[in-house]
Amino acid sequence: MSINPLYKTSATATGGRDGKARTDDGAFEVTLGTPKELGGNDQGNNPEQLFASGYAACFLGAMKFAASQDKALPRVPADATVNATVGLGPRSDKGFGLTVELLVTLPGVEREAAEALVAEADTICPYSHAVRGNISVTLAVA
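What you see is a predicted model; the values in this text were computed from it and never measured. (Residues numbered from 1 in each chain as written. Predicted model: local features only at pLDDT ≥ 70, side-chain atom pairs only at ≥ 80, totals over all residues. Heavy atoms only, no water.)

Caption draft 1: Examining the sheet that holds strand β5 (residues 96–105) more closely. Strand order in the open sheet formed by three strands is β4-β5-β6, with mixed pairing between adjacent strands. Two strands in the sheet have a free side with no partner beyond their single neighbour: β4 (81–90) and β6 (136–141). Averaged over all pairs of adjacent strands, the angle between strand axes in this sheet comes to 15°, irrespective of strand direction. Against the sheet, helix α1 (residues 47–69) contacts β4, β5 and β6, and its axis sits at roughly 145° relative to β4. Against the sheet, helix α2 (residues 111–124) touches β5 and β6, its axis set at about 150° to β6. (Pairing = 2+ DSSP bridges. Helix = DSSP H or I, 4+ residues; strand = E, 2+ residues; numbered from the N terminus. Axes fitted to C-alpha atoms, helices over the stretch in contact; angles between N-to-C directions. Contact = heavy atoms within 4.5 Å.)

Caption draft 2: Main features of the nonpolar core. Grouped together as the largest cluster of nonpolar side chains are 29 residues, with contacts concentrated most on F59, M63, V76, V82, L106 and L117. Breaking this core down by element, the ones donating at least two residues are α1, β4, β5 and α2. Tallying contributions element by element places α1 first for this core, with ten residues. Beyond its immediate chain neighbours, meaning those up to four positions away, V82 contacts A56, F59, L60, M63, L102, L103 and V104. (Core = buried A, V, L, I, M, F, W, Y, C linked by side-chain atoms within 4.5 Å. Buried < 20%, exposed > 50% of the residue type's maximum accessible area, 1.4 Å probe, protein only.)

Caption draft 3: Here's a closer look at the state of the cysteines. Overall, the coordinates contain zero disulfides when judged by the stated rule. Not part of a disulfide, C58 finds its nearest cysteine sulfur in C125, a span of 3.5 Å. (Disulfide = S-S within 2.5 Å.)

Caption draft 4: Structural context of the sheet that holds strand β2 (residues 20–23). Strand order in the open sheet formed by three strands is β1-β2-β3, and the pairing between neighbours is antiparallel. Sheet topology places β1 (11–14) and β3 (29–31) at the edges, where each strand pairs with a single neighbour. In this sheet, adjacent strand axes meet at a mean angle of 10° when their direction is disregarded. As judged from the four bridges shared by β1 and β2, these two strands associate in the antiparallel manner. The partner of T14 across the bridge, within β2, is K20.

Caption draft 5: Examining α2 more closely. For α2, with 14 residues, the first-to-last C-alpha span of 20 Å sits near the 20 Å given by 1.5 Å per residue. Those residues of α2 not exposed but buried are A114, L117, V118, A121 and D122. End-on view of α2: buried residues confined to an arc of 140°, all on one side of the axis. Packing partners of the buried residues in α2 comprise α1, β5, α3 (126–131) and β6. (Expected span 1.5 Å × (residues − 1). Arc of directions from axis to C-beta.)

Here it is as structure tokens:
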């Protein structure tokens, strides 16, 4: 498999989970904080929140792309949403691991058509490609 990147971006983090992260172009900057569940004080955003936001947005984009490429798939309504829930916890072998649950809401789209669109988006989304076989991902249609 080869990839010809059409877009690249870079970000730098300092201070780890209780630091800051910033894109190299300065367009995005965030104060990071460790969640209370991991011994922190919840002051700032954490990497799991950022990952959840990125995956949700990317997956919605993949659904729109899939619908534009395959006329048999339903159009994505303007009020469609993807809610990504990212879990973090210890692995049974060593270290920590992630889980992801994607809940897709497609108002006005019949369940079978919505499920077909979600399945196709899962084959397109770069986040889905990146985590496949590495993270447990659950896809659901509301």
